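Below are the chains, spelled out letter by letter.
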Amino acid sequence: MKIFLSKTMPMSLIQKQFRVSLDPLQGLGPFWSFQFRGYTGSSNYKNKRLTTQPVLVEEPSHSRSWSSYIFPTAVIVIAGAGVLLHYNDERRAIPKGAHQNTGQETRTINKPAFGGPFRLIDTEYRLVTENDLRGQWSLIYFGYTSSPDVGPEEVQKMAKATDILEHNIKIKPVFITIDPQRDSPSQLRAYLKEFDTRIVGLTGSIDAIRQTAQEYRVYFKKVEEDGGDYLVASSHNMYLMDPNMETVRCFTQAYNAEQLAEDILKEMKRSSNSDSKSNEQKQN
Amino acid sequence: MVMASDKIHYDVLADARNSCYKARDSFYACMEKEASKKPTEIATVGLLYPAECKQFRDEFVKQCRPTWVKHFDRQYCAKKKVQRLLDNDESRRGPISLPQPYTFKP
């Protein structure tokens, strides 16, 4: 009959334990003594220690298991990230031997990312989409008819460059207005026919124009409002598109007509050279 | 679809533009010629011009749209400013920033 009294036990518990240990096999006590009999029936040292300090024993083992999981999970996460990066690197790597094949692809990748589909209206009130410009080289300028000086200069430049390139290749100049509220198709026709009848004038609803300008990365904004009149600030760029409606390059205001024509010719020759090269490769 | 009115703005077509450019050029030439005179009249955007050029100014304003007048005036002012900076004219220098003696006494 061993009675183990721990300091953390309240007096009632000590008494209960004392009683149970005195009569271990008595089955007629109150409910709580049954519970204790189950634990302390054998009057084993170990069992008694476990029941006396159930809460204390569980606490340290609980916190130890939680903190011990941090380190392995961290290791696994870092290892997983490393595996992902390595896999990504291998996927993106271009092996050394594939240079000839990727030569053509890298040239297309390096093109500026302008361009996209559009639905606009030309001076005859016909619907024009980007598919109508396929099959020939085109030069697109975004402007407006009420421009004081820059607009007319640029359109004049475009017309002159088209003239210079006339005997080499036909290039289609396109004028897309960024002021559709004032530039109706008839206004565009009257404006453009003074420069060159070949220039295609496109306008549309303000939403269509805004979407097109966004695709071509053209900045435009109403400035200088004076009653009903205003000017439109814009980036005066001309975009050269190849027959597949992909942007080859853009020309800023600094070019004059002769330089423009020369550079357009250069781009055409370069693309026709690479086309023939890729054809040769395909045959080989 | 709702389109803008089909009005044709004739004051931006080639003839109107050319007469506007001519009036503008004659006005600015007058300003250059009378540069020694004191500018008393007010143009737009802070530009002043002497009274001798008044008739050219009126012609200029008549031929061109108001927004264009402002645009050209602003351009002219910018050009004059750059010219002044490049002129190396000693008479209009601002305060010179020479190294000052150290005045802070702890």
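Parameters at a glance
- Residues numbered from 1 in each chain as written.
- Chains lettered and ligands numbered in written order.
- Predicted model: local features only at pLDDT ≥ 70, side-chain atom pairs only at ≥ 80, totals over all residues.
- Heavy atoms only, no water.
- Helix = DSSP H or I, 4+ residues; strand = E, 2+ residues; numbered from the N terminus.
- Buried < 20%, exposed > 50% of the residue type's maximum accessible area, 1.4 Å probe, protein only.
- Contact = heavy atoms within 4.5 Å.
- Areas by Shrake-Rupley, 256 points an atom, 1.4 Å probe, with all protein chains shown as cover.
- Disulfide = S-S within 2.5 Å.
- Pairing = 2+ DSSP bridges.
- Axes fitted to C-alpha atoms, helices over the stretch in contact; angles between N-to-C directions.
- Parallel < 35°, antiparallel > 145°, perpendicular 65-115°, else oblique.
- Left-handed = near helix turned anticlockwise from the far one by under 90°.
- Nonpolar A, V, L, I, M, F, W, Y, C, P; charged D, E, K, R; others polar.
- Phe/Tyr/Trp six-rings, centres within 6.5 Å; stacked < 30°, edge-to-face > 60°.
- pLDDT = per-residue confidence, 0-100.
- Buried area = accessible area lost by both parts, 1.4 Å probe.
- Salt bridge = Lys/Arg side-chain N within 4 Å of Asp/Glu carboxyl O.
- Polar contact = N/O pair within 3.5 Å; in protein donor to acceptor, adjacent residues only side chain to side chain.

Caption draft 1: Representation of the overall build of chain B in the model. Counting its regular elements, chain B contains three helices and two strands. Overall, chain B shows an N-to-C arrangement of helices and strands of α-β-β-α-α. Taking all 106 residues of chain B together, 30% fall into the buried category. Restricting the contact set of chain B to residue pairs at least 6 apart, pairs at least 24 apart contribute 51%. Carbon and sulfur atoms make up 57% of the accessible area of chain B, which totals about 7800 Å².

Caption draft 2: Local environment of the state of the cysteines. For the coordinates displayed, the defined rule picks out two disulfides over all chains. Disulfide connectivity for chain B, with bonded cysteines indexed by sequence position, reads 1-4, 2-3.

Caption draft 3: Representation of the pairing of strand β7 (residues 229-234) of chain A. All names here are of chain A. Buried residues dominate β7, accounting for five of its six residues. With five bridges connecting them, strand β6 (residues 220-226) and β7 associate as antiparallel partners. Considered in β7, the bridge of Lys 221 is made with Ala 233.

Caption draft 4: The packing of helix α2 (residues 54-63) of chain B against helix α3 (residues 66-87) of chain B, seen in detail. Residue and element names in this part refer to chain B. At a closest axis distance of 8 Å, the pairing of α2 and α3 adopts a crossing angle of 130°. Comparing their axes, α3 and α2 come out oblique. Pair α2 / α3 crosses with right-handed handedness. Along the contact surface, α2 presents Arg 57, Phe 60 and Val 61, while α3 presents Val 69, Phe 72 and Asp 73. Class assignment for the residues of the contact of α2 with α3 results in four nonpolar, no polar and two charged.

Caption draft 5: How the structure looks around the sheet that holds strand β8 (residues 238-241) of chain A. All names here are of chain A. Taken together, the seven strands give an open sheet; going across it, the order is β2-β1-β5-β4-β3-β8-β9, and neighbouring strands pair in mixed fashion. In this open sheet, the two edge strands, each paired with only one partner strand, are β2 (127-129) and β9 (247-251). Averaged over all adjacent pairs, the angle separating strand axes in this sheet is 35°, with direction ignored. Judged from the four bridges that link them, β8 and β9 form a sheet pairing that is antiparallel. Paired with Met 238 across the bridge in β9 is Phe 251. Of the strands in this sheet, β3 (137-143), β4 (171-177) and β8 are in contact with helix α7 (residues 150-164), which crosses β3 at around 170°.

Caption draft 6: Summary view of the packing of aromatic side chains. The tally for this structure, following the rule as stated, stands at 13 aromatic pairs over all chains. Centre to centre, the rings of A:Tyr141 and A:Phe175 are 6.0 Å apart; their planes meet at 50°, and the pair counts as tilted. With A:Tyr141 in strand β3 and A:Phe175 in strand β4, this residue pair connects regions lying 34 residues apart in the sequence. Ring geometry for B:Tyr28 versus B:Phe60: centroids 6.0 Å apart, planes at 65°, classification edge-to-face. With a gap of 32 residues between them, B:Tyr28 in helix α1 (residues 14-33) and B:Phe60 in helix α2 connect regions that are remote in the sequence.

Caption draft 7: A look at the confidence of the model for chain B. With 82% of its residues at a pLDDT of at least 70, chain B reaches an overall mean of 79. Scored as a complex, the prediction yields pTM 0.62 and ipTM 0.72.

Caption draft 8: Here's a closer look at the packing of α1(B) against α2(B). All names here are of chain B. Taken N-terminus to C-terminus, the directions of α1 and α2 make an angle of 155°; their axes are 8 Å apart at the nearest point. Here α2 runs roughly antiparallel to α1, going by the angle between their axes. Where α1 crosses over α2, the two elements pack in a sense that is left-handed. Counting all contacts with α1, which are made through Ser 19, Cys 20, Ala 23, Arg 24, Ser 26, Phe 27, Tyr 28 and Cys 30, the residues of α2 involved are Phe 56, Arg 57, Glu 59, Phe 60 and Gln 63.

Caption draft 9: Expanded view of the interface of chain B and chain A. Counting from both sides, the interface comprises 22 residues of chain B and, opposite them, 27 residues of chain A. At the boundary of chain B with chain A, total buried surface from both sides reaches about 2100 Å², with 53% on carbon and sulfur atoms. Across the contact surface, chain B and chain A share one salt bridge. B:Arg65 is the salt-bridge partner of A:Asp229, the closest N and O atoms lying 3.3 Å from each other. Taken together, chain B and chain A are joined by eight residue pairs in polar contact (both at pLDDT 80 or more). Of all the secondary structure elements, the ones that give two or more residues to the side of chain B that touches chain A are α1 and α3 of chain B. It is α3(B) that provides the largest number of residues to the side of chain B that touches chain A, a total of eight residues.

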